[in-house]
Amino acid sequence: LPGEWFTNLIDDAKVASRFFFLRRADGLILVIDGPSLTAVETRHYEIERVQLLLQRLVFDVKISPQTPLILFVSKCDLISMKYPEAVDEIIKQAKELGFVSEVVLGVSFSSKPEEVSSGTGIIEPIKKIIEYNWPLRVLSEPNASSALSRSFWRGGV
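So, here is what we can say about the structure in this document. Not measured: the values here are computed from a predicted model. (Residues numbered from 1 in each chain as written. Predicted model: local features only at pLDDT ≥ 70, side-chain atom pairs only at ≥ 80, totals over all residues. Heavy atoms only, no water.)

Right, let's talk about the nonpolar core for a bit. If you look at soluble globular proteins, the nonpolar side chains tend to sit buried side by side. Leu9, Leu37, Leu54, Leu57, Leu69 and Ile90 are the most contacted members of the largest nonpolar core, which totals 31 residues. Counting only elements with at least two residues in this core, the list comes to helix H1 (3–11), strand E1 (28–33), helix H3 (43–59), strand E2 (69–74) and helix H4 (87–96). The element that contributes the greatest number of residues to this core is H3, accounting for 6 residues. Residues in contact with leucine 37, not counting those within four places in the same chain, are Ile32, Arg43, Glu46, Ile47, Val73, Pro84, Ala86, Val87 and Ile90. (Core = buried A, V, L, I, M, F, W, Y, C linked by side-chain atoms within 4.5 Å. Buried < 20%, exposed > 50% of the residue type's maximum accessible area, 1.4 Å probe, protein only. Helix = DSSP H or I, 4+ residues; strand = E, 2+ residues; numbered from the N terminus. Contact = heavy atoms within 4.5 Å.)

Written as structure tokens, this is what we have:
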């Protein structure tokens, strides 16, 4: 989803209903700008915004914390593929909210292809969601079982 959508959710919880479809997601991949997490001028702001987004997803959108959460730290070619320590604060918040999360470092289009290949880490979040033995989760929608049974009978005999 476009980052602007999440910016709107972070800024205004009233738009949470637009995100209810995420309750059925098999996993969430949040893309976080690596250089913003390492720069002194932007680190605190970036951490705060991601933490608020996680809170909005749980409390306003009502996504189950059992949904796999991958924190994809992007543009890592610009930080020499080094793990930003600031991610630990985000992981702490995610854990407090009940998420089991993992971090993947990567880069779509490398500005330093001699050091880091373009596409590094891109497939890893999808693999982690597919392959990880995540706990069985229940849909967080009200009356999920009756909604499912209605869909089976629609158009039936």
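Once you've had a look at it, read on.
Moving on to the layout of surface pockets. Counted as a void, the largest pocket has a volume near 540 Å³. Forming the boundary of the largest pocket are 20 residues, of which Gly3, Phe6, Leu30, Val31 and Leu53 lie nearest the centre. Within the residue set of the lining of the largest pocket, elements represented by two or more residues are H1, E1 and H3. Broken down by element, the lining of the largest pocket gets its largest block of residues, 6 residues, from H3. (1 Å grid on protein atoms, 1.4 Å probe; cavity = no way out; pocket = protein on both sides within 12 Å on 5 of 7 lines; lining within 4 Å. Points joined across faces, edges and corners; volume = space filled by probe spheres on them.)

The next point concerns H1. Those residues of H1 lying buried are Phe6, Leu9 and Ile10. Down the axis of H1, the sector holding all buried residues measures 100°, keeping them to one side. Turned more than 90 degrees off the buried face of H1, the exposed positions are Glu4 and Asp11. Where H1 is buried, its residues meet H3. (Arc of directions from axis to C-beta.)

The next subject is the side chain of arginine 56. Summarising the element assignment, arginine 56 is placed in helix H3. Engagement of the side chain of arginine 56 in a polar contact is seen with the backbone oxygen of isoleucine 10, the distance being 3.0 Å. (Polar contact = N/O pair within 3.5 Å; in protein donor to acceptor, adjacent residues only side chain to side chain.)

Using the criterion set out here, one finds 4 salt bridges in the structure. For lysine 75, the salt bridge goes to aspartate 33, with nearest N and O atoms at 3.0 Å. A residue pair is termed long-range when its members are at least 10 positions apart, and lysine 75 in the loop between E2 and H4 and aspartate 33 in strand E1 qualify at 42 residues. Judged by its relative accessible area of 17%, aspartate 33 falls in the buried class. Linking glutamate 102 and lysine 128 is a salt bridge whose minimum nitrogen-to-oxygen distance equals 2.9 Å. One end of the pair, glutamate 102, is in strand E3 (residues 101–105); the other, lysine 128, is in helix H5 (residues 124–131), with 26 residues separating them in the sequence. (Salt bridge = Lys/Arg side-chain N within 4 Å of Asp/Glu carboxyl O.)

The phi dihedral of lysine 62 falls on the positive side, at around 70°, and the residue is not glycine. One can find lysine 62 in the loop between H3 and E2. Despite not being glycine, serine 80 shows a phi value in the positive range, around 55°. Tracing the sequence through the fold places serine 80 in the loop between E2 and H4.

We now examine a nonpolar patch on the surface. On the surface, Ile29, Val31, Ile123, Ile126 and Ile130 cluster together to form a nonpolar patch covering roughly 470 Å² of accessible area. Of all the secondary structure elements, the ones that give two or more residues to the nonpolar patch are E1 and H5. Inspection of the secondary structure assignment puts isoleucine 126 in helix H5. Isoleucine 126 sits in the partly exposed class, given a relative accessible area of 42%. (Patch = residues over 30% accessible without salt bridge, like charges linked within 9 Å, V, L, I, M, F, W, Y side chains within 5 Å. Areas by Shrake-Rupley, 256 points an atom, 1.4 Å probe, with all protein chains shown as cover.)

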